[in-house]
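Residues per chain are reported as follows:
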Amino acid sequence: MKEVAISEFKAKCLGILEQVRKTRRPIRITRFGEPVAEVVPPTPKKSPANWLGCMEGTIRIVSDIVGPVSTEDDWEASR
């Protein structure tokens, strides 16, 4: 694991964080040679296994969806 002095980390913080993001390798921050912190890459986002059907159960059909709508009074929005 690469080690960086705290003074260097302070001066180059954004660049070091970008390096960790790109390389996915942690960096240890030291003060007087002793470890103070470790910068580690974030865990990858968990994407849904199957996005098809993910909205199931979020709407409710209250009338005929094939026939024409006769008036606005027949339309009910469900929440």
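Everything here concerns the structure above.
Residues numbered from 1 in each chain as written. Predicted model: local features only at pLDDT ≥ 70, side-chain atom pairs only at ≥ 80, totals over all residues. Heavy atoms only, no water.

Asker: Explain the nonpolar core to me, and be specific about the residues and the numbers.
Answerer: Core analysis: the largest hydrophobic core is formed by 7 residues, namely Val4, Phe9, Ile16, Val20, Ile27, Ile29 and Val39. Where this core is concerned, the elements lending two or more residues are helix H2 (13-23) and strand E2 (27-31). Setting aside residues up to four positions removed in sequence, isoleucine 29 forms contacts with Val4, Ile6, Phe9, Glu34, Pro35, Val36, Ala37 and Val39. (Core = buried A, V, L, I, M, F, W, Y, C linked by side-chain atoms within 4.5 Å. Buried < 20%, exposed > 50% of the residue type's maximum accessible area, 1.4 Å probe, protein only. Helix = DSSP H or I, 4+ residues; strand = E, 2+ residues; numbered from the N terminus. Contact = heavy atoms within 4.5 Å.)

Asker: Give me unusual backbone geometry: which residues, what numbers.
Answerer: Negative phi is the rule for most residues except glycine; trans is the rule for most peptide bonds. One non-glycine residue, arginine 24, lies in the positive phi region at around 60°. Topologically, arginine 24 is positioned in the loop between H2 and E2. For arginine 24, a relative accessible area of 43% translates into the label partly exposed. In this structure, phenylalanine 32 takes a positive phi of about 55° despite not being glycine. Among the residues examined, phenylalanine 32 registers a relative accessible area of 78% and is labelled exposed.

Asker: Tell me about the pairing of strand E3 (residues 34-39), and please be specific about residues and values.
Answerer: Across 5 bridges, E2 lies against E3 in antiparallel orientation. Its bridge partner being in E3, arginine 28 is matched across the sheet by glutamate 38. Between the end of E2 and the start of E3, which pair antiparallel, lie 2 residues, with phenylalanine 32 showing a positive phi angle near 55°. (Pairing = 2+ DSSP bridges.)

Asker: Talk me through the sheet that holds strand E1 (residues 2-5); I want residue IDs and the actual numbers.
Answerer: Taken together, the 3 strands give an open sheet; going across it, the order is E1-E2-E3, and neighbouring strands pair in mixed fashion. Two strands lie at the open edges of the sheet, namely E1 and E3, each paired on one side alone. Taking each pair of neighbouring strands and ignoring which way they run, the sheet shows an average axis angle of 35°. By the bridge criterion, 4 bridges tie E1 to E2 in an arrangement that is parallel. Residue pairing in the sheet places alanine 5 in a bridge with threonine 30 of E2. Set on the sheet, H2 makes contact with E1, E2 and E3; between it and E2 the angle comes to about 150°. (Axes fitted to C-alpha atoms, helices over the stretch in contact; angles between N-to-C directions.)

Asker: Describe the environment of glutamate 3, with residues and values.
Answerer: Note on placement: glutamate 3 falls in strand E1. Sequence-wise, glutamate 3 and threonine 30 are 27 residues apart; in three dimensions their C-alpha atoms are separated by 6.7 Å. Separated by 3.4 Å, the side chains of glutamate 3 and arginine 28 make a polar contact. (Polar contact = N/O pair within 3.5 Å; in protein donor to acceptor, adjacent residues only side chain to side chain.)

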